[in-house]
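# Understanding the architecture of this molecule
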Amino acid sequence: MIGLSLITLIGVGIRLLVMFVIQQRRERMNRQINERLRTLIAAYRTLGGSFTGDLAVNPRHRRELRIRTGESLGSGGEAMDGNDSGNEAGSDRARRIRDAVEAALSDIILLGTEEHVRLAERAARELVSGQLVHTHDLVVSLRNFIRKALDLDPIPPGLAIPMQGPARLQASGGRGKDDGSKEGAGKTGGGGGGGGDMHAGGDIAVTGGIGADDHEMTSPGGR
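The end-to-end C-alpha distance of helix H5 (residues 136–149), which contains 14 residues, comes to 20 Å, matching closely the 20 Å that a straight helix rising 1.5 Å per residue would cover. Listed in full, the buried residues belonging to H5 are His136, Leu138, Val139, Ser141, Leu142, Arg143 and Ile146. Of the residues trailing H5, Asp151 is marked for its positive phi of about 60 degrees.

For the protein chain, per-residue confidence averages 74 on the pLDDT scale, and residues scoring 70 or more make up 62% of the total. Counting interchain partners and residues more than four positions distant, the pLDDT-below-50 stretch residues 75–86 has eight contacts.

The next point concerns the UniProt feature "transmembrane region" (unreviewed entry) in the protein chain. Mapped onto this numbering, the UniProt entry annotates "transmembrane region" (unreviewed entry) at residues 6–22. For residues 6–22, the helix share is 100%, the strand share is 0%, and the end-to-end C-alpha distance is 24 Å.

Side chains of Leu6, Ile10, Ile14, Val18 and Ile22 sit close together on the surface and give an oily, nonpolar patch of about 440 Å² of accessible area. With respect to the helices and strands, Ile22 occurs in helix H1 (residues 2–47).

Let us now look at the nonpolar core. Counting residues in each nonpolar core, the largest one holds 19 residues, and the members touching the most others are Leu47, Val101, Leu105, Ile108, Leu138 and Leu142. Among the elements that take part in this core, helix H3 (residues 77–111) stands out by supplying five residues, more than any other. The residues contacting Leu138, other than those within four sequence positions of it, are Leu47, Leu105, Ile108, His116, Leu119 and Ala120.

The bulk of non-glycine residues show a negative phi, and the bulk of peptide bonds are trans. In the Ramachandran plot, Asp151 falls in the positive-phi region, its phi being about 60 degrees despite a non-glycine side chain. Relative to the helices and strands, Asp151 is located in the loop between H5 and helix H6 (174–192).

With respect to the helices, strands and loops of the structure, Arg143 is situated in helix H5. Buried and without a salt bridge, Arg143 has Asp137 as its closest oppositely charged side chain, separated by 9.2 Å.

So, on to the packing of helix H4 (residues 114–128) against H5. With their axes 10 Å apart at the nearest point, H4 and H5 run at an angle of 160 degrees to one another. The pairing of H4 with H5 is recorded here as roughly antiparallel in orientation. Crossing handedness for the pair H4 and H5: left-handed. For the pair H4 and H5, contact is made by Glu115, His116, Leu119, Ala120 and Arg122 and by Asp137, Leu138, Ser141, Leu142 and Phe145, respectively. Each residue belonging to the contact of H4 with H5 can be placed in one class, and the counts come to five nonpolar, two polar and three charged.

Cut-off values and rules
- Residues numbered from 1 in each chain as written.
- Predicted model: local features only at pLDDT ≥ 70, side-chain atom pairs only at ≥ 80, totals over all residues.
- Heavy atoms only, no water.
- Helix = DSSP H or I, 4+ residues; strand = E, 2+ residues; numbered from the N terminus.
- Expected span 1.5 Å × (residues − 1).
- Buried < 20%, exposed > 50% of the residue type's maximum accessible area, 1.4 Å probe, protein only.
- pLDDT = per-residue confidence, 0-100.
- Contact = heavy atoms within 4.5 Å.
- UniProt positions renumbered as here; feature names shortened; annotations may be inferred.
- Patch = residues over 30% accessible without salt bridge, like charges linked within 9 Å, V, L, I, M, F, W, Y side chains within 5 Å.
- Areas by Shrake-Rupley, 256 points an atom, 1.4 Å probe, with all protein chains shown as cover.
- Salt bridge = Lys/Arg side-chain N within 4 Å of Asp/Glu carboxyl O.
- Core = buried A, V, L, I, M, F, W, Y, C linked by side-chain atoms within 4.5 Å.
- Lys, Arg positive; Asp, Glu negative; His and termini not counted.
- Axes fitted to C-alpha atoms, helices over the stretch in contact; angles between N-to-C directions.
- Parallel < 35°, antiparallel > 145°, perpendicular 65-115°, else oblique.
- Left-handed = near helix turned anticlockwise from the far one by under 90°.
- Nonpolar A, V, L, I, M, F, W, Y, C, P; charged D, E, K, R; others polar.

This is how it looks when you write it as structure tokens:
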């Protein structure tokens, strides 16, 4: 009886140990799958968040735009400055879109399937070479993979889904507000010349900074 009890106890212990190891492995795999899906969904939102407008990614940097503008306008300093200020908003939006697309491509190369990696590698090479990049093929591949991983029905073949492009990121007004609050704080501190005025100016600067930080730029899902 003692021997039978000992053998039974050892068998139950081994079974519990094996079940614990298997459960830990399943939980780790589930966490990895969830993190992978979360990252790929965020990349899908970044690369395919727009159906209208300019659906291509412009790989040019702002300095390249300025050099190109300077070459086209010649040596006219006033005209060059006016053109730079006029195109500043558009170039800044293109820069933010390009940076977000590059980060999404990096995540896809890290966590995507072989097809995703090939499409992302092709898009990255086009960015490096300075060509306009369309991400529709990669978006379609990501969409099909995500729906399959989530056990969703495939997209009906009869639907005519328009071409998708990178999401248009909105500019944040926090920088201008923060600069204005700093200027107001400096004027208040200089005019009063006392500790109370300087303390009040500091409170104004802190309040402006908090208001600026609360107004952040939003983006898709993700990484």
